[in-house]
Amino acid sequence: MSKLPRWREEWSLNIDVIDQEHRALIERLADLCLRFCPEATPTRSGGANALIDALAELGELARTHFQHEERFMRAIGFEELPEHQREHALMMAEYTALLREWRAEGVTVLTPVIQETVREWLLAHILGTDREFARAYFQLCGGDDRLVPRPSRDLHLG
Ligand SMILES: [Fe+2]
């Protein structure tokens, strides 16, 4: 079986409400891997569109998460909210395009390539823009931004 994506504590921003949702997104991807990986073929349930539907649900979970983050940013008066909103919109457009592609190809198996694409899509958000936000958040709160791990090129690999 392909390697299951697993949450890593070093991905935490130390903002519980956000970390919990990020963890839920990674766990949802792991669940999809178990249900739709190539080795699951004999026991795979659902119709021809089951994988696409499940991937679409993951996208909706991410969309809801982005909305929660934007509400959180608004509540604390975060000035860079518009940039984050744009980034979230771009990410959703990218995911919608991927879904369209996978639907057109009629994919029914979560190949390692698709798994990695979704994982990278999620991690670009978790380890990219959200880290920038967390740093600003702790500065805004007068907290210690050292709580937020520094980005590392190798942090999300493997
Ligand atoms: Fe996030």
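Per chain, the residues get numbers from 1 upward, laid out in the order the sequence is written. Restriction of local features to residues with pLDDT of at least 70 applies here, the model being predicted, together with a cutoff of 80 or more for giving and counting side-chain atom pairs; totals for whole chains, interfaces and linings are based on all residues. Only heavy atoms go into the side-chain values, all of them from the structure, while hydrogens and water stay out.

The protein goes by Hemerythrin family protein in an unreviewed UniProt entry, where it is assigned to Marichromatium bheemlicum.

With that out of the way, let us pick up the coordination of the iron ion. Within the protein, the atoms that donate to the iron ion are His22 (NE2), His65 (NE2), Glu69 (OE), His125 (NE2) and Asp130 (OD), at distances of 1.8 to 2.1 Å. One chain supplies every donor for the iron ion, spaced along it as H-x42-H-x3-E-x55-H-x4-D. With His65 in helix 2 (residues 50-75) and His125 in helix 4 (residues 112-140), the pair connects residues that are 60 residues apart, well separated along the chain. Of the two residues, His65 and His125, neither departs from the other in class, the shared state being buried. Atoms of type N, O and S within 2.8 Å of a metal are treated as its donors, and for Na, K and Ca the window is 3.2 Å; water is not considered, so some sites may appear to be missing partners. In DSSP terms, a helix is any run of H or I states spanning at least four residues, a strand is any run of E spanning at least two, and both are numbered starting from the N terminus. Exposed residues in this analysis have more than 50% of their type's maximum accessible area, buried residues have under 20%, and partly exposed residues fall in between, with area computed by a 1.4 Å probe over protein chains only.

Turning to the environment of Ala56, a few remarks are in order. Note on placement: Ala56 falls in helix 2. Under the relative-accessibility criterion, Ala56 is labelled partly exposed at 24%. Sequence separation of Ala56 and Leu99 is 43 residues, and the distance between their C-alpha atoms is 7.2 Å.

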